Amino acid sequence: MVDGERIDGVWCHIWRRDQMGRGYYLDDLTVFADGLITCGERTDLDGLAKKLETGRWAVTDPEIPPPPAPPSKWEARYSEPLTPEGFVLEVGDRIEELSGRPTAGQRCWDAIRQYEQQPTEPTRELLRAAYLAVPAHLRVYVLGDMDLQDRPLRILLTDIGEAVDGDGPVATAEMHQGALDYFARVSKAVQDQQERQAVRYADDPAERGRPALVSHATVYPQGWPDEAGLFMLRNDYPAPVEFAGDSYASVQHGYWALSAADASDRSRIRDAASGSEAHELGGRAARRSDWPDVRLAVMAGLLRAKFTQHPELAQVLLATGDARISYTGFEDSPFWRDVPDDRGRNWMGRLLELTRSELLAQQLLLT
């Protein structure tokens, strides 16, 4: 999280050399959209390359010898070996993908389309450069074809009269045309799929929403500030609500009170001194047997009550526009909050977005 914005990342295993010289061990390498790379320490793409070069980090198990080279590149059915140089290129590609920029594979497809439209030697050279920019160990996957792999590209990039891959068939004009026909069929299939999706997703937003909005859990020992800002969206913010025939000091009070099976527990939770105390009491009380079935509806009702009964809070919620609301805070379970490793279901964020859309719809109906 950076300044309230969630920076997406992906991870994989790599080997790290023990500082005491006792060999290597597996560790998690995480790559983020802003270029940050973490694996026990922070670095960037250049730092990753240096650590691999010095042997501090390794992309394959240093204690296992590399597999032997295939006797024939043309006949090989698996990718080229993973190398440190190829891994750095792949990590750079993942940063581009996370940032919403074209990857090496997408740029290769763009070059294929350009060559289809202008099958000239200069555009073929551009295609060759785009293909070679794909990390070597990923090239067999660039076309997404499990059967032919990247063979149509390798054929097309081999000069007529030369052996494909040095040990394959000799490239002919007919083979080049066959490769072009292959790409024409793929282009037609992609176009057909895009047209079907355009119909199925006709109501999808044309643009991505604004960066994620985060509602953090914060403790104010001296009381909430006069200008609480987005913290007003939190369930423990002291905004009294009337709901289901009773009054509650906050959404948090109402939710946990209504979850309790015993009437005396409901009263104690309702009258708790703070939302945090209501949460603590509610978590210890026996819950209604039907609570898993109704809790989402109860929370949705409490949120509607909060924002319809407090117009000033409704304006705070509406001011978030179309932002994806990421509700965070370790006091809430992953069911309700957003968790960076995607274990969280973020139901609070989703219900706040639903409430926001309902408030906007009500405004539109009144104008």
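What you see is a predicted model; the values in this text were computed from it and never measured. Counting starts from 1 at the beginning of each chain's written sequence and moves along it residue by residue. Since the coordinates come from a predicted model, pLDDT governs what is reported: local features require at least 70, and pairs of side-chain atoms require 80 or more to be given and counted, while whole-chain, interface and lining totals use all residues. As a rule here, side-chain values come from all non-hydrogen atoms in the structure, and water together with hydrogens is ignored.

**Q** Before we move on, can you summarise the packing of aromatic side chains with the specific residues and values?
**A** The geometry of two aromatic rings is summed up by the distance between their centres and the angle between their planes. Only Phe, Tyr and Trp rings are paired, with Trp represented by its six-membered ring, and only when their centres lie within 6.5 Å; those with planes under 30 degrees apart are stacked, over 60 edge-to-face, the remainder tilted. Tallying each qualifying case throughout the model produces seven aromatic pairs. For the ring pair Trp-109 and Phe-183, a centre distance of 6.1 Å and an interplane angle of 90° mean the geometry is edge-to-face. On the criterion of sequence distance, the pair formed by Trp-109 in helix α3 (residues 104-117) and Phe-183 in helix α6 (residues 173-200) is long-range, its members being 74 residues apart. The pair Trp-109 / Phe-183 is uniform in exposure class, with both members buried. For the ring pair Tyr-255 and Trp-256, a centre distance of 5.2 Å and an interplane angle of 90° mean the geometry is edge-to-face. Trp-256 matches Tyr-255 in its accessibility class, with the two residues each being buried. Through a chain of ring-to-ring contacts, the aromatic side chains of Tyr-255, Trp-256, Trp-291, Phe-335, Trp-336 and Trp-347 assemble into a single cluster. What counts as a helix is a DSSP run of H or I of at least four residues, what counts as a strand is a run of E of at least two, and both are numbered from the N terminus. Under the scheme applied here, a residue whose accessible area is under 20% of the maximum for its type counts as buried, over 50% as exposed, and between as partly exposed, the area being computed with a 1.4 Å probe on protein chains only.

**Q** Let's hear about the side chain of Ser-326: which residues, and what values?
**A** Following the sequence through the fold, Ser-326 ends up in strand β9 (residues 325-327). Exposure remark for Ser-326: the relative accessible area of 1% places this residue in the buried category. Nitrogen and oxygen atoms within 3.5 Å of one another constitute a polar contact, given that in protein one can donate a hydrogen and the other can accept it, and given that sequence-neighbouring residues count only through two side-chain atoms. In this structure the side chain of Ser-326 is engaged in a polar contact, spanning 2.6 Å, whose partner is the side chain of Asp-338.

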